[in-house]
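The primary structure of each chain is shown beneath.
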Amino acid sequence: MKLELKPEFIEKYKTLTDFKEFETIINTPLRKCIRINTLKKSVEEIKKQLEYLNLKSIPWFKEGFFVESEEKTLGNLYEHKVGYIFVQEAASMIPPVILDPKKEDTILDACAAPGSKSTQIAQMINNQGIIIANDKTTSRIKALSANMQRMGVTNTIITISDVRKISHPFTKILLDAPCSSTGTIRGFNQKTIKTVKTYKPNLIKSIAGIQKNLIKHAYGILEPKGTLVYSTCSLEPEEDEGIIQHLLESTSAKLERPDLKIKSQINLEYDKEYSSELKKCIKLWPQVYDTQGFFIAKIRKP
């Protein structure tokens, strides 16, 4: 079966990317991926245990792997239940890598649930440093807490709050913002169909308004010389390039080019007001690496 895309969606995305390639890939099921949790086991041990999954390395995170076998129930594996692995999409592993956490950092994961990136950050600094994993929804906090316990994370404090009410300063902040999720459109499944059906230009504008408020507040509580990573699983310029453009125009924020060799397609031509500085961001289209679509910006406070 083929996804029934709205005319306004088709018209817009024809201006953003190679639509033929894009349409082909979004009608293809998403590849499964796992992250091996080195807080509990070594990569070598788990690769040996899960050899039958035919694991292939994800280029931007050495503990991340594409699952090339036909295994459909990764969440039911023993290794998942005891926290040796986390079922995590490949593109979503990029923001923590760009954040580059260190053990001396105080880190805020502003919209943390269900915890894939928080637990990845904890793994990257070997349960050192301090992480505040925040979310504002009680039901999502339950999943976040369960994943923290399952993965053996001990350096993280979970908070329930609208991030705009947090005033404590941090050296590093990850803002994986709530978004329209257009980058997650892959294959003919319930989640994808819902995202396609609910797509509306006015909804995008409404979400972008919230994102502008979130990123300005996050930048405000970032310490001088600190790093803010903004990311979305959206491919909409209003939620991606437009948000960073707004931040650059309204604050002292500076963009840094991530030290990652990833093919990126930024849509500068979408708005004549967009700065060429936005080329320093990463926009990962799903047809490039056969992943979800993702947008990531690395921001430095002078």
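Located above this text is the structure these notes cover.
Thresholds, definitions, all that
- By convention here, each chain's residues receive numbers from 1 onward along its written sequence.
- Given that the model is predicted, a residue must reach a pLDDT of at least 70 before its local features are reported, and side-chain atom pairs must reach 80 or more before they are shown or counted; all residues, however, enter totals for whole chains, interfaces and linings.
- Side-chain calculation: all heavy atoms of the structure are included, whereas hydrogens and water are not.
- In this description a helix means any DSSP run of H or I spanning at least four residues, a strand means any run of E spanning at least two, and both kinds are numbered starting from the N terminus.
- By definition here, a helix of n residues has an expected span of 1.5 Å times n minus one.
- Classification of residues uses two cut-offs on accessible area relative to the type maximum, computed with a 1.4 Å probe and protein chains only: under 20% is buried, over 50% is exposed, and between them is partly exposed.
- As used here, the arc belongs to the directions running from the helix axis to the C-beta atoms.
- Here, any two strands with at least 2 DSSP bridges between them count as paired.
- A 1.4 Å probe that fits but cannot get out identifies a cavity on a 1 Å grid over protein atoms alone, an open set with protein on both sides within 12 Å along at least five of seven lines counts as a pocket, and a residue lines either if it has an atom within 4 Å of a point.
- Grid points are joined across faces, edges and corners, and a volume is the space filled by probe spheres set on the points.
- A pair of aromatic rings is counted whenever rings of Phe, Tyr or Trp (Trp by its six-membered ring) have centres within 6.5 Å, and the orientation is called stacked for planes under 30 degrees apart, edge-to-face for over 60 and tilted otherwise.
- We count a charge as sitting over a ring when the NZ of a lysine or the CZ of an arginine lies within 6 Å of the ring centre and within 35 degrees of the ring normal.
- Counted as salt bridges are all cases of a side-chain nitrogen of Lys or Arg within 4 Å of a carboxyl oxygen of Asp or Glu.

This next bit is on helix α9 (residues 201-220). An α-helical turn contains 3.6 residues, so any two residues separated by three or four positions project in the same direction. Taking 1.5 Å per residue as the helical rise, α9 with its 20 residues ought to reach 28 Å, and the 29 Å between its terminal C-alpha atoms agrees with that figure. Every buried residue belonging to α9 is among Ile 204, Ile 207, Ala 208, Gln 211, Leu 214, Ile 215, Ala 218 and Tyr 219, and all of these are buried. All buried residues of α9 fall inside an arc of 130° around its axis, so they share one side. Opposite the packed face of α9, turned more than 90 degrees from it, sit the exposed residues Asn 202, Lys 205 and Gly 220.

What follows concerns the pairing of strand β3 (residues 61-67). Where burial is concerned, most of β3 is hidden: six out of the seven residues are buried. Both strand β1 (residues 32-36) and β3 contribute to a ladder of four bridges, which runs antiparallel. Each residue of the ladder has a partner; that of Cys 33, found in β3, is Phe 66. Relative to β3, strand β2 (residues 55-58) is paired through four bridges, and the arrangement is antiparallel. Looking at β3, one finds that Ile 58 is bridged to Phe 61. In this structure, the hairpin formed by β2 and β3 is closed by a connection of two residues.

All right, on to the layout of surface pockets then. Approximately 200 Å³ is the volume found for the second largest pocket. Considering the residues around the second largest pocket, the lining is formed by Lys 205, Ala 208, Lys 212, Glu 238, Gly 242, Gln 245, His 246, Glu 249, Tyr 270, Asp 271, Glu 273 and Tyr 274. Sorting the residues of the lining of the second largest pocket by element identifies α9 and α10 (241-250) as the ones contributing at least two each. Take the lining of the second largest pocket: its biggest share by element is four residues, from α10.

Okay, the packing of aromatic side chains next. In this structure the tally under the stated criterion is ten aromatic pairs. On the basis of an interplanar angle of 20° and a centroid distance of 4.2 Å, the ring pair of Phe 9 and Tyr 13 is categorised as stacked. Of this pair, Phe 9 and Tyr 13 both sit in helix α1 (residues 7-16), four residues apart, which is roughly one turn of the helix. Like Tyr 13, Phe 9 is buried. Ring centres 6.2 Å apart and planes at 85° place the aromatic pair Tyr 78 and Tyr 84 in the edge-to-face group. A relative accessible area of 15% places Tyr 84 in the buried class. In textbook terms, an aromatic cluster arises when at least three aromatic residues are bridged by ring pairs, as seen for Phe 9, Tyr 13, Phe 19, Phe 22, Tyr 199 and Trp 285. The cationic tip of Arg 150 hangs over the ring face of Phe 86; the distance from NZ or CZ to the ring centre is 5.2 Å.

Okay, unusual backbone geometry next. With an omega of 5°, the peptide bond running from Ala 113 to Pro 114 counts as cis. You can see Pro 114 is positioned in the loop between β5 (106-109) and α6 (116-124). Located in the positive-phi region is Lys 225, a residue other than glycine, with phi close to 70°. Counting through the fold element by element, Lys 225 comes out in strand β9 (residues 222-232).

In this section: the pattern of salt bridges. Here the structure, examined in full by the defined rule, presents 18 salt bridges. As a salt-bridge pair, Glu 23 and Lys 2 come within 3.5 Å of each other at their nearest N and O atoms. On the criterion of sequence distance, the pair formed by Glu 23 in helix α2 (residues 19-26) and Lys 2 in the segment before α1 is long-range, its members being 21 residues apart. Classification of Lys 2 as exposed rests on a relative accessible area of 53%. Among the ionic pairs, Lys 12 bridges to Glu 238, the shortest N-O distance being 2.8 Å. Taken together, the positions of Lys 12 in helix α1 and Glu 238 in the loop between β9 and α10 put the pair 226 residues apart, joining distant regions of the chain.

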